[in-house]
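Descriptive analysis of the structure
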Amino acid sequence: MIIRKAEFLKSSQTYTDCPQPNKPEYAFIGRSNVGKSSLINMLTNKKDLAKTSGTPGKTQLLNTFAINEEWFLTDLPGYGYARVSKSNRKGFERMIYDYLEFRSNLVCTFVLVDCRHEPQKLDLKFFEWLGTKGIPFAIIFTKLDKLTSTEFQKKLMVYKRELLKKWEDLPMIFSTSSTSQIGKLELLNYIDSLNEQLKDHFH
Ligand SMILES: Nc1nc2c(ncn2[C@@H]2O[C@H](COP(=O)(O)OP(=O)(O)OP(=O)(O)O)[C@@H](O)[C@H]2O)c(=O)[nH]1
Ligand SMILES: [Mg+2]
């Protein structure tokens, strides 16, 4: 897929405020600072489409973008960010969980994971929650440029082994780096193939 057009549509506080669900939508989520916004900018060839920051917790709303006027991409706030106050965090989580559960045009949720980290409880629990709700998801490893390929292969094996303790099948797994554009085509082609499958559904 070639990205011809990528435009910011709306920041919403709840899924009911998101744009009309008349196009296939893909959500990007993960722990704060994992590189969600950077990945979105990399995919769309735009430096500043999604705001990136060295400070975790930058993205605090559901940010919807329209891609090629064909599909929606949503940048979700990072979860597990300790510096948000407790009451604030509750509201945050409600917003994200409701969005994931009830957004009718959501096709796939991409969960980003920093490739340098061991499997994190919070992420594993999140996959489980998605599983119990029947929400399709895929895993995207980020910041691949930070590891050698041997180091990454090892991490990947450990990660898969951990997943297979709970899951019969592995989800789709993508490996990316926003700084070196790794994984861009694979990811865009995957989205393209899902869009293609859903063509009749959205027209
Ligand atoms: N080396 C490297 N650094 C990255 C990569 N992606 C993101 N970063 C850096 O990681 C930090 C966080 O990136 P963001 O894209 O803002 O992360 P985020 O997940 O959107 O963060 P929140 O919105 O705060 O949850 C920034 O300093 C980025 O420059 C990558 O692929 N490689
Ligand atoms: Mg962000």
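Predicted, not measured: the structure shown is a model, and the values here were computed from it.

Moving on to the pattern of salt bridges. A complete count under the given rule lists 10 salt bridges for this structure. Put simply, D98 and R94 hold a salt bridge, and the shortest N to O gap is 3.1 Å. Of the two residues, D98 and R94 are both situated in helix α2 (residues 86-102); the distance of four residues between them amounts to about one turn of the helix.

Here we take up the pairing of strand β3 (residues 62-67). Across the six residues of β3, six count as buried, placing the element largely inside the fold. Of the two faces of β3, the one lined by L62, T64 and A66 and the one lined by N63, F65 and I67 are each fully buried. Relative to strand β4 (residues 71-75), β3 is paired through five bridges, and the arrangement is antiparallel. Looking across to β4, one finds that N63 is bridged to D75. Linking β3 to β4, which pair antiparallel, is a turn of three residues; within it N68 sits at a positive phi near 50 degrees.

Turning next to the nonpolar core. What tends to happen in soluble globular proteins is that the nonpolar side chains get buried as a cluster. Residues L100, F127 and F141 are the most contacted members of the largest nonpolar core, which totals 29 residues. Among the secondary structure elements, those contributing two or more residues to this core are β2 (25-30), α2, β5 (106-114), α3 (121-133), β6 (137-142) and α4 (149-166). Counting residues per element, this core draws most heavily on α3, which supplies five residues. Sequence-distant contacts of L100, defined by excluding residues within four places in its chain, comprise I29, L76, L106, T109, F126, W129, L130 and I135. Counting residues in each nonpolar core, the second largest holds 28 residues, with A6, F65, V107 and L194 among its members.

Once that is clear, we can look at the sheet that holds β6. Spatially, seven strands are ordered β1-β3-β4-β2-β5-β6-β7 in an open sheet, and the strand pairing comes out mixed. Of all strands in the sheet, those with a lone pairing partner are β1 (6-12) and β7 (173-175), marking the two edges. For this sheet the average axis-to-axis angle between neighbouring strands, irrespective of direction, equals 25 degrees. Where β2 lies against β4, four bridges are found, and the strand directions are parallel. For A27, the partnering residue across the bridge sits in β4 and is T74. Helix α5 (residues 184-197) contacts β2, β4, β5, β6 and β7 of the sheet and is inclined by roughly 160 degrees relative to β5.

This next bit is on the confidence of the model for the chain. Should the pLDDT be low somewhere, the predicted coordinates at that spot are not to be read in detail. Residues of the chain with pLDDT of at least 70 account for 90%, and the chain-wide mean is 90. Reported confidences for the modelled complex are a pTM of 0.93 and an ipTM of 0.98.

Turning our eyes to something else, we now look at the layout of surface pockets. Considered as a void within the structure, the second largest pocket measures approximately 220 Å³ in volume. Every residue along the wall of the second largest pocket is listed here: N22, K23, P24, E69, E70, D192, N195, E196, L198, K199, F202 and H203. Looking at the lining of the second largest pocket, its residues break down into three nonpolar, three polar and six charged.

Here α3 spans 18 Å end to end across 13 residues, near enough to the 18 Å set by a 1.5 Å rise per residue. Positive backbone phi, approximately 70 degrees, marks G134, located one or two places after α3.

What follows covers the pairing of β2. Counting buried residues along β2, six of its six residues qualify, which places the element largely inside the surrounding structure. Burial along β2 is two-sided: E25, A27 and I29 and Y26, F28 and G30, pointing in opposite directions, are all buried.

Take the packing of helix α1 (residues 36-44) against α5 next. Orientation of α1 relative to α5, taken along the N-to-C sense of each, is 80 degrees, at an axis distance of 10 Å. On the basis of the axis angle, α1 is roughly perpendicular to α5. Taken together, the residues of α5 that come into contact with α1 (itself represented by L39, M42 and L43) are K184, L187 and L188.

The rules behind each value
All residue numbers here refer to positions counted from 1 along the written sequence of the relevant chain. Going through the entries in the order they are written, you letter the chains from A and number the ligands from 1. This being a predicted model, a pLDDT of at least 70 is required before a residue's local features are given, and a value of 80 or more before pairs of side-chain atoms are given or counted; all residues contribute to the totals for chains, interfaces and linings. The side-chain values count all of the structure's non-hydrogen atoms but skip hydrogen atoms and water molecules. By salt bridge we mean one thing: a side-chain nitrogen of Lys or Arg within 4 Å of a carboxyl oxygen of Asp or Glu. Secondary structure follows DSSP: runs of H or I at least 4 residues long count as helices, runs of E at least 2 residues long count as strands, and numbering of each begins at the N terminus. Each residue is assigned to one of three classes by its accessible area relative to the maximum for its type, calculated with a 1.4 Å probe on protein chains only: buried under 20%, partly exposed between the two thresholds, exposed over 50%. Whether two strands pair comes down to DSSP finding at least two bridges between them. Only buried residues count toward a nonpolar core, which is a set of Ala, Val, Leu, Ile, Met, Phe, Trp, Tyr and Cys residues joined through side-chain atoms within 4.5 Å. Contacts are assigned to residue pairs that have any heavy atoms within 4.5 Å of one another. Helix axes are fitted to C-alpha atoms over the stretch in contact, other axes to C-alpha atoms as well, and angles between N-to-C directions run from 0 to 180 degrees. Per-residue confidence from the predictor is given as pLDDT, running between 0 and 100. Lining residues are those with an atom within 4 Å of a point, where the points come from a 1 Å grid over the protein atoms alone and group into cavities, where a 1.4 Å probe fits but cannot get out, or pockets, open sets with protein on both sides within 12 Å along at least five of seven lines. Grid points are joined across faces, edges and corners, and a volume is the space filled by probe spheres set on the points. We call Asp, Glu, Lys and Arg charged. Ala, Val, Leu, Ile, Met, Phe, Trp, Tyr, Cys and Pro are nonpolar, and the rest, Gly among them, are polar. To estimate the expected span of a helix, count its residues, drop one, and scale the result by 1.5 Å. An angle below 35 degrees is read as roughly parallel, one above 145 as roughly antiparallel, one from 65 to 115 as roughly perpendicular, and any other as oblique.

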